[in-house]
Amino acid sequence: MIFSRLSTLKWIMLVLSLSQLSQAEILASVNYFQFSKDEQVNAGVNAETRVTSYDLSLQFIMGQSFLVGATHMTQATASSNVRGHRESTAPNIGLLVGPFLLEGGSISKSTEKVNLNEANEWRDGTGYYGSICILDRVSSWMIIGFQFTFLNIEYKKYFDGITETSDQKKNVSVLSPSLRLSVLF
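Q: Mind showing me how you'd approach the overall build of the protein chain here?
A: Looking only at helices and strands, one finds one helix and ten strands in the protein chain. For the protein chain, the sequential pattern of α-helices and β-strands runs α-β-β-β-β-β-β-β-β-β-β. Counting over 185 residues, the protein chain shows a buried share of 33%. For the protein chain, the share of sequence-separated contacts (at least 6 apart) that also reach a separation of at least 24 residues comes to 54%.

Put into structure tokens, the structure is as follows:
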């Protein structure tokens, strides 16, 4: 865990140094979305599920309309007896067209734990994502927006707590809205 944080810090330092050399602006963004679902089955058993997702993005804006960067996506699911967690990392490219931001990329790393109380998880996830965002510039350094993101991941390995197998596969497709807060450097 410490090594991944050091690696992340090195990437951030590299991005900051390259932005000064290329005269590009840096766009740091946070997306957030949460919803709850309450189901009543057979007039007595209630099941409440809460899904929370957030994304962290760091991108260069070059030529006032072309973006290159990376996104880290996290989704947490909590119900009355099960808590799950999915993390994905993707390099991305984007294009600013008026108030719209179109971006996407291939997911290079993803893991999913269906239940955080158990050791099993899905590994070696690859796929792609695409998003469209409607942006509004609040000030010279802050942008807010509303974004729709489509995510498609195929997991190729399953770890049951003891053994990792490649004979099971899982495909996940998600379409989710989110609020986006971006800061320009």
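Q: How do you make sense of the layout of surface pockets when you look at a structure like this?
A: Any empty space left between the atoms is revealed when a probe the size of a water molecule rolls over them. The calculated volume of the second largest pocket comes to roughly 200 Å³. At the level of elements, β1 (25–41) and β7 (121–137) are the ones that each hand at least two residues to the lining of the second largest pocket. At three residues, the largest contribution of residues to the lining of the second largest pocket is made by β7. Grouping the amino acids of the lining of the second largest pocket by side-chain chemistry returns seven nonpolar, two polar and three charged.

Q: Whenever I open this one, unusual backbone geometry confuses me. Can you help?
A: Peptide bonds are mostly trans, and most non-glycine residues show a negative phi. Unlike most non-glycine residues, D124 shows phi in positive territory, near 55°. Locating D124 in the fold gives a position in strand β7.

Q: Would you take a moment to explain the pattern of salt bridges for this structure?
A: Opposite charge on two side chains allows them to pair when their charged atoms are near. Under the counting rule described, the total for this entry stands at five salt bridges. For R86, the salt bridge is made with E112, and the minimal N-O distance between the two is 3.4 Å. With a gap of 26 residues between them, R86 in strand β4 (residues 83–97) and E112 in strand β6 (residues 109–113) connect regions that are remote in the sequence. Residue E112 is classed as buried on the basis of its relative accessible area of 10%. The partner of E112 in a salt bridge is K170, and the shortest N-O contact between them spans 3.1 Å. With E112 in strand β6 and K170 in strand β10 (residues 170–184), this residue pair connects regions lying 58 residues apart in the sequence.

What counts and how
Just so you know, the residues in each chain are numbered from 1, in the order the chain's sequence is written. Only residues with pLDDT of at least 70 get local features here, since the model is predicted, and only at 80 or more are side-chain atom pairs given and counted; chain-wide, interface and lining totals rely on the full set of residues. Only hydrogens and water are set aside; all other atoms, that is, all heavy atoms of the structure, feed into the side-chain values. Each helix is a run of H or I in the DSSP string that is no shorter than four residues. Each strand is a run of E no shorter than two, and both are numbered from the N terminus. A simple rule labels every residue: compare its accessible area, found with a 1.4 Å probe on the protein chains alone, to the largest value its type can have, and call it buried under 20%, exposed over 50%, or partly exposed in between. Any two residues whose heavy atoms approach within 4.5 Å at even a single point are treated as in contact. A cavity here means a set of points on a 1 Å grid, drawn over the protein atoms and nothing else, where a 1.4 Å probe fits but cannot get out; a pocket is an open set with protein on both sides within 12 Å along at least five of seven lines, and a residue lines either one if it has an atom within 4 Å of a point. Grid points are joined across faces, edges and corners, and a volume is the space filled by probe spheres set on the points. Residue classes follow a fixed rule: Ala, Val, Leu, Ile, Met, Phe, Trp, Tyr, Cys and Pro count as nonpolar, while Asp, Glu, Lys and Arg count as charged, and any other residue, Gly among them, counts as polar. Salt bridges are defined by distance alone: a side-chain nitrogen of Lys or Arg within 4 Å of a carboxyl oxygen of Asp or Glu.

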